[in-house]
Amino acid sequence: MEEQNSKTRYKSKEEKDSLFEKEFMHLIGPLYNFGYRLTLDEDDANDLVQETFLKAYRFFDSYEKGTNAKAWLFRILKNTFINEYRRKTKEPNKVDYQEVESYYNSDDVNEPITSDLRVDSLNNMIGDEVANALNALDVDFRTIIILCDLEGFTYEEMAKILDIPIGTVRSRLHRARNVLKEKLQEYAQSMGYKDQRKKND
Amino acid sequence: MIDFIKEVVNKLVGKKAEQRYCCKDCLCRLNSVLDGEATKEEMIYLQEHIEHCAPCYNHYNIEKSVKEVIKHKLEQRPVPPSLIDSIRGNIQKNC
């Protein structure tokens, strides 16, 4: 009784492992980096990625071959992170994002935030400074910036990965980018002070 | 006199409100355009808008640069080989 659908089919463990390898193993890099940026700890990132692949293997039957493997894995990792690691980290009283976001989803969109951030300051920043600014963000904001700008997921893909409506993806991105700009500006300013001190020495 | 003042204020507020509305429209589209999620109409709207609106033009460039900085400046950590081995090991152990 052969079922004709796109669900993963294999006749042996060997075949399953080979299929799994083909579909997922090349994604370890992005997943590991995502895990690291979430946990900011190498050991936790290792555990998180191992856990993710283990779950992916166990639920391989529910994965539709040829569909968005990366999004599927990212979703598993994100959920694993929430369940296993978020509890461990010190979290301030959790903000009710749904409430905040429905406010921002209304027509009351902020005007462009005038800032002193300049394109050349941005271009002069080094990777570490950018990473620090990103890591200074709350994990939900950091996540969405990573998913959108670093990994290039579409709004629809992000909505599925994060289990939120597309409208919330948009508003959260908007908010996250505003905070990120603030952080980048802080770093750019401190860079400027350092340069000034060097000149004065 | 009061009417005159009211008229002036209304004109100023109206103008600012108009600009605010116009820039609000631009702002809503900005992220969509940068993220490749905008419709053709939205892209055209933004393109035409930033041609004559300096604040929005600046804003667009900053947002674009922030996105590029995240995409290109963040270093990708190499995956520890032991992690790859562990994952393969786990797969072999599991059914």
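Sequence order as written defines the numbering, with residues in each chain counted from 1. Following the order in which they are written, the chains are lettered starting with A and the ligands numbered starting with 1. The predicted nature of this model means local features are confined to residues of pLDDT at least 70 and side-chain atom pairs, given and counted, to a pLDDT of 80 or more, with totals for whole chains, interfaces and linings taken over all residues. Think of the side-chain values as coming from all heavy atoms in the structure, minus any hydrogens and water.

Student: Any chance you could explain unusual backbone geometry here in plain terms?
Tutor: Outside of glycine, negative phi angles account for most residues, and trans bonds account for most peptide bonds. Residue and element names in this part refer to chain A. The backbone of Leu40 sits at a positive phi, close to 55°, despite the residue not being glycine. Numbered from the N terminus, helices here are DSSP runs of H or I no shorter than four residues, and strands are runs of E no shorter than two. Here Leu40 lies in the loop between α2 (28-39) and α3 (42-58). A positive phi is found at Asp163, a non-glycine position, where the angle reads about 60°. In this fold, Asp163 is placed in the loop between α9 (155-162) and α10 (166-200).

Student: Which parts of the structure should I look at to understand the environment of Asp41(A)?
Tutor: Examined against the element boundaries, Asp41(A) turns out to sit in the loop between α2 and α3. Any pair of N or O atoms that falls within 3.5 Å is considered a polar contact. Within protein, one atom must be able to donate a hydrogen and the other to accept it, and sequence-neighbouring residues count only if both atoms are side-chain atoms. Here Asp43(A) takes part through its backbone nitrogen, which lies 3.0 Å from a polar atom of the side chain of Asp41(A).

Student: Can you walk me through the pattern of salt bridges in this structure?
Tutor: Should their charged atoms come close, side chains of opposite charge can pair. By definition here, a salt bridge exists when the distance from a side-chain nitrogen of Lys or Arg to a carboxyl oxygen of Asp or Glu is within 4 Å. The final tally for this structure, using the stated rule, is 12 salt bridges over all chains. Note that Arg118(A) and Asp120(A) form a salt bridge whose closest N and O atoms lie 3.1 Å from each other. Each of Asp149(A), Arg177(A), Asp35(B) and Lys67(B) takes part in a single network of salt bridges with overlapping partners.

Student: What is the right way to read the interface of chain A and chain B from this model?
Tutor: Buried accessible area, meaning the area lost when the parts come together, often serves as the stated size of an interface. Chain A puts 50 residues into the contact, and the matching count from chain B is 36 residues. Accessible area that two parts lose when put together, evaluated with a 1.4 Å probe and summed over both, is termed the buried area. Between chain A and chain B, a total of about 4100 Å² is buried, with carbon and sulfur atoms accounting for 61% of that surface. Where chain A touches chain B, the interface holds 5 salt bridges. Applying the counting criterion to the chain A and chain B interface returns 20 residue pairs in polar contact (both at pLDDT 80 or more). For the side of chain A that touches chain B, the element with the highest residue contribution is α3(A), accounting for 8 residues. Its residues assigned to classes, the side of chain A that touches chain B shows 26 nonpolar, 10 polar and 14 charged. Here, two residues are considered to be in contact whenever any of their heavy atoms come within 4.5 Å of each other. The residue classification treats Ala, Val, Leu, Ile, Met, Phe, Trp, Tyr, Cys and Pro as nonpolar and Asp, Glu, Lys and Arg as charged. All others, Gly included, are polar.

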